[in-house]
Amino acid sequence: SNIAWSCAVFGYYPRILMNYLYGGLLGHGDDRDPTRMADIFGDGGLQTQEVMTIVYVQLALEQHGSPDGLSLPPEFPGHWQFGNNAEISSVLKEPTFELNLSTSKIQRAVSSTFHRIGFGHCEEHVISMTDLSEEYGINLPAQSLEVLSIDITNVE
């Protein structure tokens, strides 16, 4: 996933390399089975950081035009997540999964000033995979996984 992230950082997606990376992480075509991939690698699946990295790479690919129509499996992250199925289910039910929100002192000060002058806003606007898929047309599985946070925004 780190190599795919490097491609996203540089905005350069070599077709063959990206196909190998997606195939190596998620499998190919109808063979995109998390259990099979865990068996091949002898592990429990993708770690949380890798899951988030793959989501961000997919977002970047969508912005640049995904070579060969690369996409995430419809049930992603689901059983792709590291650990046993009981652990996965409990983690996915958590409202922030990997996205840990914290508010800085400057963010609170700016928000306080906005409140004082009557400017409607929210301190943290969180966007899920479903939001990106349905509202912004990004080719992501419609999952409730929160993946982006925008500090101080007027969502109207």
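It should be emphasised that the depicted structure is a prediction, and the values quoted were computed from it without experimental measurement.

### A closer look at the overall build of the protein
What the protein contains, in helices and strands, is 7 helices and 2 strands. Order of helices (α) and strands (β) in the protein, N terminus to C terminus: α-α-α-α-α-α-β-α-β. Within the protein, the proportion of its 156 residues that are buried is 36%. In the protein, of all internal contacts separated by at least 6 residues, the share reaching a separation of at least 24 is 62%.

### Remarks on unusual backbone geometry
For the bond from F76 to P77, the omega torsion is 5 degrees, close enough to zero to count as cis. Position of P77 among the secondary structure elements: in the loop between helix 4 (48–64) and helix 5 (85–93).

### Topic: the pattern of salt bridges
Evaluation of the coordinates by the stated rule reveals 1 salt bridge. Among the ionic pairs, D31 bridges to R36, the shortest N-O distance being 3.2 Å. Its relative accessible area of 32% is what places D31 among the partly exposed residues. Judged by relative accessible area, which is 37%, R36 ranks as partly exposed.

### Structural notes on the packing of helix 1 (residues 2–10) against helix 4
A pair of packed helices is characterised by two quantities: the angle between their axes and the separation of those axes. Two numbers describe how helix 1 lies on helix 4: the axes approach to 9 Å, and their chain directions differ by 35 degrees. For the pair helix 1 and helix 4, the sense of crossing is left-handed. For the pair helix 1 and helix 4, contact is made by A4, W5 and A8 and by T53, Y56, V57 and A60, respectively. Of the residues contributing to the contact of helix 1 with helix 4, the split by class is 6 nonpolar, 1 polar and no charged.

### Things to note about the nonpolar core
Judged by nonpolar contacts, the single largest core of 30 residues is most densely connected at M18, Y22, L26, L46, L72 and F76. If you tally residues by element for this core, the top one is helix 4, at 8 residues.

### Notes on helix 6 (residues 105–117)
Helical geometry note: an α-helix holds 3.6 residues per turn, so side chains three or four residues apart project in the same direction. For helix 6, which comprises 13 residues, the first-to-last C-alpha distance of 19 Å matches the rise-based estimate of 18 Å (1.5 Å per residue) to within 8%. A positive backbone phi angle near 80 degrees is found at G118, which sits one or two residues after helix 6.

Cut-offs used in this document
- Residues numbered from 1 in each chain as written.
- Predicted model: local features only at pLDDT ≥ 70, side-chain atom pairs only at ≥ 80, totals over all residues.
- Heavy atoms only, no water.
- Helix = DSSP H or I, 4+ residues; strand = E, 2+ residues; numbered from the N terminus.
- Buried < 20%, exposed > 50% of the residue type's maximum accessible area, 1.4 Å probe, protein only.
- Contact = heavy atoms within 4.5 Å.
- Salt bridge = Lys/Arg side-chain N within 4 Å of Asp/Glu carboxyl O.
- Axes fitted to C-alpha atoms, helices over the stretch in contact; angles between N-to-C directions.
- Left-handed = near helix turned anticlockwise from the far one by under 90°.
- Nonpolar A, V, L, I, M, F, W, Y, C, P; charged D, E, K, R; others polar.
- Core = buried A, V, L, I, M, F, W, Y, C linked by side-chain atoms within 4.5 Å.
- Expected span 1.5 Å × (residues − 1).

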